[in-house]
Amino acid sequence: MTVRVVRAVTKLQFYNDRQVVSELEKSILGELHLRGCVSNGQNPRVSFCGLLVKDNNLTVFLPRSVDLDSMDGAEKIFSASKLMQAVEMYGQRSKTAVNSSDDGSDFIGESLLGLVTSLLKSYRDRGLYARRRSTKTVNAGKPDWKATVSSSVAFPNKTGHPVYLDIVTTKRRYYSDCEVARIQALVLREIDKKYSWIVTGKLGGLAPELDDIPLPRGELTYMLSILRRELPLLYSDNDVNLVKSLINYLQEISGKENTNTIVGLRKFHFAWEFMLSKVLADVWPGINKILPAPAYRMPDGSIVNAFRSGMQTDTALRRKGERKIVIVDAKYYEATSVINAPGWGDIVKQFFYEKALAAVGDPVDITNVFVFPGKTGVFTQVHLRSKRDSNQFYDDEFPPIPVSYTHLTLP
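Residues numbered from 1 in each chain as written. Predicted model: local features only at pLDDT ≥ 70, side-chain atom pairs only at ≥ 80, totals over all residues. Heavy atoms only, no water.

**Q** Explanation requested: helix 3 (residues 110-126) in the structure shown.
**A** Spacing of three or four residues puts side chains on the same side of an α-helix, whose turn is 3.6 residues. Over its 17 residues, helix 3 runs 24 Å from end to end, which matches the ideal 24 Å to within 8%, given 1.5 Å per residue. Burial in helix 3 covers these residues: Leu-112, Leu-113, Leu-115, Val-116, Thr-117, Leu-119, Leu-120, Ser-122 and Tyr-123. Looking one or two residues beyond helix 3, the residue adopting positive phi is Gly-127, at roughly 75°. (Helix = DSSP H or I, 4+ residues; strand = E, 2+ residues; numbered from the N terminus. Expected span 1.5 Å × (residues − 1). Buried < 20%, exposed > 50% of the residue type's maximum accessible area, 1.4 Å probe, protein only.)

Shown next as structure tokens:
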């Protein structure tokens, strides 16, 4: 890592996911093409939610439902902050999810996002790294009885017990004038000017006071050596995590001449499902355990299970003690016409969930619902209708599926 002057973001641009690529600047489009963030076809569109930092210019791609025309600059950067926080939360979930159906390769820059937010939050909550030094004192700190007994004269009291007039004590002092603190300040100055808005929700540096902290005495190899030597001396989990994050960040950016950065998701629909599961009440994770799954019969009569390809709902809601289940299918569709609304496969799947639950003998009332991103929409329900008689609906056999549009803001 070469010590350099880092400029603040000089230009802000906002677009939506699924933006027509012909409306983008060529330099931005080129970077998206390199990262596989453009869909194929006759009318290619952006397939990306997140941020692109290029030549100290910041371009943010917000979800397709966000109405950019109705927002001012402060509202846009606040929404961008919430988007990146949600993306990070989703990334943490993806690391621990069992049998997750999403493709982690669609998350770009996950490690950098985690490091940047971790380092910024650490400084916001605990300030600059402080080294601890213990000094010997007399009658001013924690008693050191072993040192006192070996170096002081005891006088007996009335009961014959020894009394020490001068007690050797230990006092701890903390100071930030050390190389680790200087390395932290250097890293923070770099990421503060580009990424602090992710944590604060507004433009402007989180730590302008760090500009006066001296630079470390060496560059990348020296800084990594200092941090690795410091690590075994630490006891506090906060200090250990901070130093490890600094090491990982320096390794992440080392040797990279290209300062362009892209962080986000190529396919936001998995994150949309995750967001809904976090904000809806009475989520019932147990439904997927009781839904049936395929099994194949062999010529000898034996059965081979194929449970990995069984039914998996996005989110199911069931209030404790009640018989009603709501199966929520989170769809990251525009849903403004029948062309960009759920297709036949999506609809059949919802009906099949209901029949599958009935087959396993769980006596419940079941409601299916599609949920799209957005404040308002054009649809309210999905019905099955006769092709020959426009007045005939099959609502008794296939109950209509309600449609909901929702605008989410994660904390």
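Back to the text.
**Q** Looking at this model, I keep getting lost on the sheet that holds strand 15 (residues 365-373). Mind explaining?
**A** Neighbouring strands of a sheet are bound in pairs by backbone hydrogen bonds; such pairs are parallel or else antiparallel. The mixed open sheet is built from 5 strands, whose spatial order is 13-14-15-17-16. The open sheet has two edge strands, strand 13 (315-317) and strand 16 (381-382), and neither has a second partner. Sitting on the sheet, helix 10 (residues 344-359) touches strand 14 (324-330), strand 15, strand 16 and strand 17 (401-406), and the angle it makes with strand 15 is about 155°. (Pairing = 2+ DSSP bridges. Contact = heavy atoms within 4.5 Å. Axes fitted to C-alpha atoms, helices over the stretch in contact; angles between N-to-C directions.)

**Q** How do you make sense of the pattern of salt bridges when you look at a structure like this?
**A** Opposite charge on two side chains makes pairing possible when the charged atoms of those side chains draw close. Applying the stated criterion across every chain, the model contains 12 salt bridges. Put simply, Glu-31 and Lys-54 hold a salt bridge, and the shortest N to O gap is 3.6 Å. In this pair, Glu-31 sits in helix 1 (residues 26-34) while Lys-54 sits in strand 2 (residues 49-54), placing the two residues 23 residues apart along the sequence. You can call Glu-31 buried: its relative accessible area is 7%. (Salt bridge = Lys/Arg side-chain N within 4 Å of Asp/Glu carboxyl O.)

**Q** Would you mind going over the sheet that holds strand 1 (residues 11-16) with me for this structure?
**A** Here we have 5 strands laid out as an open sheet, ordered 1-3-2-10-4, and mixed in their pairing. Edge positions in the open sheet fall to strand 1 and strand 4 (107-108), since each of these has one partner strand only. Of the strands in this sheet, strand 1, strand 2, strand 3 (57-62) and strand 10 (261-265) touch helix 1, which is tilted by about 120° from strand 2.

**Q** Before we go on, may I ask you to explain the packing of helix 3 against helix 5 (residues 179-200) in this structure?
**A** Two measures define how a pair of helices packs: the angle their axes make with one another and the distance between the axes. Taken N-terminus to C-terminus, the directions of helix 3 and helix 5 make an angle of 105°; their axes are 9 Å apart at the nearest point. On the basis of their axis angle, the class for helix 3 and helix 5 is roughly perpendicular. Residues Leu-112, Leu-113, Val-116, Thr-117, Leu-119, Leu-120, Lys-121, Tyr-123 and Arg-124 of helix 3 form the contact with helix 5, whose participating residues are Gln-184, Val-187, Leu-188, Ile-191, Asp-192, Tyr-195, Ser-196, Ile-198 and Val-199. Each residue belonging to the contact of helix 3 with helix 5 can be placed in one class, and the counts come to 12 nonpolar, 3 polar and 3 charged. (Parallel < 35°, antiparallel > 145°, perpendicular 65-115°, else oblique. Nonpolar A, V, L, I, M, F, W, Y, C, P; charged D, E, K, R; others polar.)

**Q** Sorry if this is basic, but what is going on with the packing of helix 5 against helix 7 (residues 237-253) here?
**A** The N-to-C vectors of helix 5 and helix 7 enclose an angle of 55°; their axes lie 11 Å apart at closest approach. Judged by the angle between their axes, helix 5 and helix 7 are oblique. Seen along the crossing, helix 5 lies across helix 7 with a hand that is left-handed. Here helix 5 contributes Val-180, Ile-183, Gln-184, Val-187, Glu-190 and Ile-191 to the contact with helix 7, which in turn contributes Leu-242, Val-243, Leu-246, Tyr-249 and Leu-250. Each residue belonging to the contact of helix 5 with helix 7 can be placed in one class, and the counts come to 9 nonpolar, 1 polar and 1 charged. (Left-handed = near helix turned anticlockwise from the far one by under 90°.)

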